[in-house]
Amino acid sequence: MATTEAETYIGKPVPRKEDAKLLTGQSRFIDDMQVMGMVWASIVRSPYAHAKINRVDVTAARESEGVVAAFSGADLADDWAATLPCVWLVTEDTKQPMHRPLATDKVRYQGDGVAVVIAESRAQAKDAAELVEVDYEELPAVIDPEAALADDAPILHDDLGTNHCFTWKLEGGDVEGVFGSAPVTVKERYRQQRLIPNAIEPRGVIATYEPALDEYTLWSATQIPHILRFWLAIVLGVPEARLRVVAPDVGGGFGSKLNVYAEEALALVLAKRIGRPVKWTEERSEGYLATIHGRDQWQEMEYAADEDGKIRGVRAKLVVGLGAYLQLVTAGTPILGGWVYGGPYDVEAYSLEVIGAFTTATPTDAYRGAGRPEATFLIERTMDALARKLEMDPAELRRKNFITEFPYTLASGLTIDSGDFVGALDRALEMAGYEELRKEQAERRAAGDTKELGIGFSTYTEMCGLAPSRILGAILYAAGGWDAATVRCLPTGSVEVFIGTSPHGQGHVTTFSQIVAERLGVPIDQVEVIHGDTTAMQLGLDTYGSRSLAVGGIALYNAAEKVIAKARDVVAHKLEVSGDDLEYDNGTFKVAGTDKAMTVRDAALHAFTAHDLPDGMEPGLEATFVYDPPNFSWPGGAHICVVEVDTETGAIDLRQYVAVDEIGNVINPTIVDGQIHGGITQGIAQALWEEAIYDEDGNLTTGSMLSYLVPSAAETIDYELDRVNAPSPTNPLGVKGVGETGTIASTPAVINAVVDALSPYGVTDVTMPAKPENVWRALQEGGAK
Amino acid sequence: MKTVGITVNGESHSAEVEPRQLLVYFLREQLGLTGTVVGCDTSSCGSCTVLVDGESVKSCTMLAVQADGHEVTTIEGIGSPGDLHPVQQAFHEQHGLQCGFCTPGMVMATISLLEESPSPSNEEIRHALEGNLCRCTGYVNIVKAVKAAATA
């Protein structure tokens, strides 16, 4: 049969297959969907941070126009078979408080749900929710995690008797010895402010229940349909096989849709109780209270070093504000950075202590980078403190300490498989024009310019690609870290691909099509990628932690290889040769030294008709692969930020941002650049603009997009990107994760630049976000020039 | 209830609306034009941007009754998957969208910008789009897309 040269796709900037519907308004986000007979839910939320609930009266709400039903937390208290879950209780004695979808005894943060009203329309539900009467007895709030651990702090969970949730420790090497003998030490303390993730699509759900089948379906704006199905089956006490979860088009996540939320469980219970489909869509200001926050840490770091700048030991301590309850990964989020507090540096002694405290605030959880931005910030800020103390150039200090031989086992116990930290820094210095920048800085200082130039570095590594299941088990995570894919070659020549990851902007449909189209030699538009529906693909562990390509993509690659292996047997049989005589290249098997050939697509048709298959072979050409990665994925790189700081006003101008990342082989460079652009912007936003602020009574004063500054195009700049490559040796595509690198790297680069600009004024730190007021304060406190 | 006559994407509609009905919900829930989406409750994010008589408007800041007698253009009215508007085409080619939720608003705001200023500088583009928030792209490729659309 005739063959043609198949196109190659891997590594090319293939335009996205996802775009057409998104560009023309034909996407299906959750709020775009309606189901026949659907009613609307509105949740009554606590205006208080901490209060005893004396009475909830839904009578007036029930009588309001269009209302179908109204329930207090107590009305539904027996509907829950289990608490809302936390998948990672990080120590054997981590305290997990009961967390019902609606509170019954006390409210513990502003926004805690106390009742729900269901009505025929969105507006009627909202109107009626205002008629619910709640008698609260206000209790004192505690927002700061250190204050929450004080003896006289108000206790959130009376049955626990303490706000202390866990203390997690990790040590490697001779920490006492190294710190006892090191000639140089530095100790720094920083604040990681609270952040609000702000995916532009708010959350939302639609739940249905079919009494005749006893089956539930939940459509949810979620990153994790598979994990959601598993946990909701447990929370509701229903057989998992009777619950289908679908993630439709999802408008961004950044960790905020990586959770098992009260509203998801509530909608299912209400759909069954009422006998009608139930929809709930979050309003943005509601989401600021009801959707997880990120960060919220006090951080301390000590370095022990030799006089020439060689770092020998790190010792860090974090006190983390968990908020009022443990959401899905609340306790584990700071621990996700737990192994990388040595950064990309060769450090022989390692000590980390993480303390989690309950506070009367929205729970914190995984927000883009989850634990690793916090780690990188602390490492890189302290690195500059050491450089100042030793009067060394910050780039040279980093270079002196980089890990250069791979694989390298960290003092924390994990092994970095590959990297090129030196190459990334060299390239970044070249792109930034480092020597010229230092010259300009010196000239400005000499001339007394009121706009000071600052140059900030962040050289980083991170562990992502979550994750090897055995390691997850050893660190008490309740699930595995594998992922799965199915490749099905259809008889008419196209290929169906089912993936266990669940994209919400990352372009999996395109990237994964590229892998399959190239390996099977089919045109890319003949590959259909199906995701986000637990009925279509039961196996999967979804999308977070920069895992989709490094885990799910490898599952897919291996599934395609299994298809090729079976196709080889089909072709060998048809061509009456040995499988060993067949050479395979991009979809075509050729018999060496002859013109005999057959494609995978032809083999798919033969496998389908099954007219002439080898004895005992199953018809059909399809394979599933479940891939458990042997190691985490280890991206790294060097970012340089250049700022101008106006010493009279405290205003900061971003002037230049250079990012050189090492993320292994790249499947689609355009998509990868986009991930890095977005990640950098979120990290810069933490440095300069964003902060969730509570007042002393526990009111979220940054309660809407008017008071919480999500940056626009007007605040941001173009970034200069490049890459160096040290392909991962632990997977056949040599890929690593990229979804979080920008956010992990960028925040300290910006603050280091600001502090560098102001160092002649004695400034050694600027509180984040470095808004003009905070810069001005740092200048006042810094001492005289 | 009030009766309004609104032309949407060239088609005239007569409808009964509640006086408090926002234009965006009229488009989404009464006409089924769900391409215009709602991302906030403070008119901050711009996801609901449409054109009213050719000018960009956040359709959450306008009541349906205020659109009575006016012409509204939504994302559904400017191009289709097989026949993209030059601005849609430029966003596709420059990778100016990721999750795509803010995209309809961003595209409509861009159309309005290019009407007023056919060859804007990067600086102008960034300021003109400051009412439209995107959390995915970091705006780098959005600015490129607007530039590309301007020269298309």
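Residues numbered from 1 in each chain as written. Chains lettered and ligands numbered in written order. Predicted model: local features only at pLDDT ≥ 70, side-chain atom pairs only at ≥ 80, totals over all residues.

### A word on the interface of chain A and chain B
Many descriptions give the size of an interface as the accessible area lost when the pieces come together.
Right, so step 1: Across the contact, 44 residues belong to chain A and 47 residues belong to chain B.
Right, so step 2: Within the residue set of the side of chain A that touches chain B, elements represented by two or more residues are α1 (19-23), α8 (284-290) and α17 (669-688) of chain A.
Right, so step 3: At six residues, α17(A) tops the list of elements feeding residues into the side of chain A that touches chain B. (Contact = placed C-beta atoms within 7 Å. Helix = DSSP H or I, 4+ residues; strand = E, 2+ residues; numbered from the N terminus.)

### Things to note about the environment of A:Ala572
All names here are of chain A.
Right, so step 1: Secondary-structure assignment places Ala572 in helix α15 (residues 548-575).
Right, so step 2: Spatially, the C-alpha atom of Ala572 lies 9.3 Å from that of Met598, the residues being 26 residues apart in sequence.
Right, so step 3: Every residue in contact with Ala572, bar those within four places of it in the chain, is listed here: Val577, Ser578, Gly579 and Leu582.

### Description of the packing of helix α14 (residues 508-520) of chain A against α15(A)
For any two helices packed against each other, the geometry comes down to the angle between their axes and how far apart the axes lie.
Residue and element names in this part refer to chain A.
Right, so step 1: Across the interface, α14 lies against α15 with an axial gap of 10 Å and an inter-helix angle of 30 degrees. Of the possible angle classes, the one that applies to α14 and α15 is roughly parallel. Relative to α15, the crossing made by α14 is right-handed. Note on element contacts: α15 touches α14 through Ser548, Leu549, Gly553, Leu556, Tyr557, Ala560, Val563 and Ile564, opposite His508, Thr511, Phe512, Ile515, Val516, Arg519 and Leu520.
Right, so step 2: Grouping the constituent residues of the contact of α14 with α15 by class yields 10 nonpolar, four polar and one charged. (Axes fitted to C-alpha atoms, helices over the stretch in contact; angles between N-to-C directions. Parallel < 35°, antiparallel > 145°, perpendicular 65-115°, else oblique. Left-handed = near helix turned anticlockwise from the far one by under 90°. Nonpolar A, V, L, I, M, F, W, Y, C, P; charged D, E, K, R; others polar.)

### Observations concerning α17(A)
Right, so step 1: Compared with an ideal rise of 1.5 Å per residue, which puts 20 residues at 28 Å, α17(A) spans 28 Å between its outermost C-alpha atoms and is within 8% of the ideal.
Right, so step 2: Across the 20 residues of α17(A), 18 count as buried, placing the element largely inside the fold. (Expected span 1.5 Å × (residues − 1). Buried ≥ 20, exposed ≤ 12 C-beta atoms within 10 Å, placed from the backbone.)

### Description of the domain arrangement of chain B
Residues and elements named next belong to chain B.
Right, so step 1: When the domains of chain B are assigned, the result is domain 1 (2-77) and domain 2 (86-151).
Right, so step 2: For domain 1 versus domain 2, the distance between C-alpha centres works out to 21 Å.
Right, so step 3: The interface is formed by 16 residues belonging to domain 1 together with 13 residues belonging to domain 2.
Right, so step 4: Where the side of domain 1 that touches domain 2 is concerned, the elements lending two or more residues are β3 (49-52) and β4 (55-58).
Right, so step 5: No other element matches the three residues that β3 contributes to the side of domain 1 that touches domain 2.
Right, so step 6: Class assignment for the residues of the side of domain 1 that touches domain 2 results in six nonpolar, nine polar and one charged. (Domains from an automatic or database assignment.)

### Side note on the sheet that holds strand β5 (residues 113-119) of chain A
Residues and elements named next belong to chain A.
Right, so step 1: Here seven strands make up an open sheet; going across it, the order is β3-β5-β1-β12-β9-β10-β11 and the pairing mixed. The sheet is open, and its two edges are formed by β3 (67-72) and β11 (243-246), each paired on a single side. Strand after strand, the sheet turns through a mean of 20 degrees between neighbouring axes, direction not considered.
Right, so step 2: Where strand β1 (residues 39-45) lies against strand β12 (residues 278-281), two bridges are found, and the strand directions are parallel. (Pairing = 2+ DSSP bridges.)

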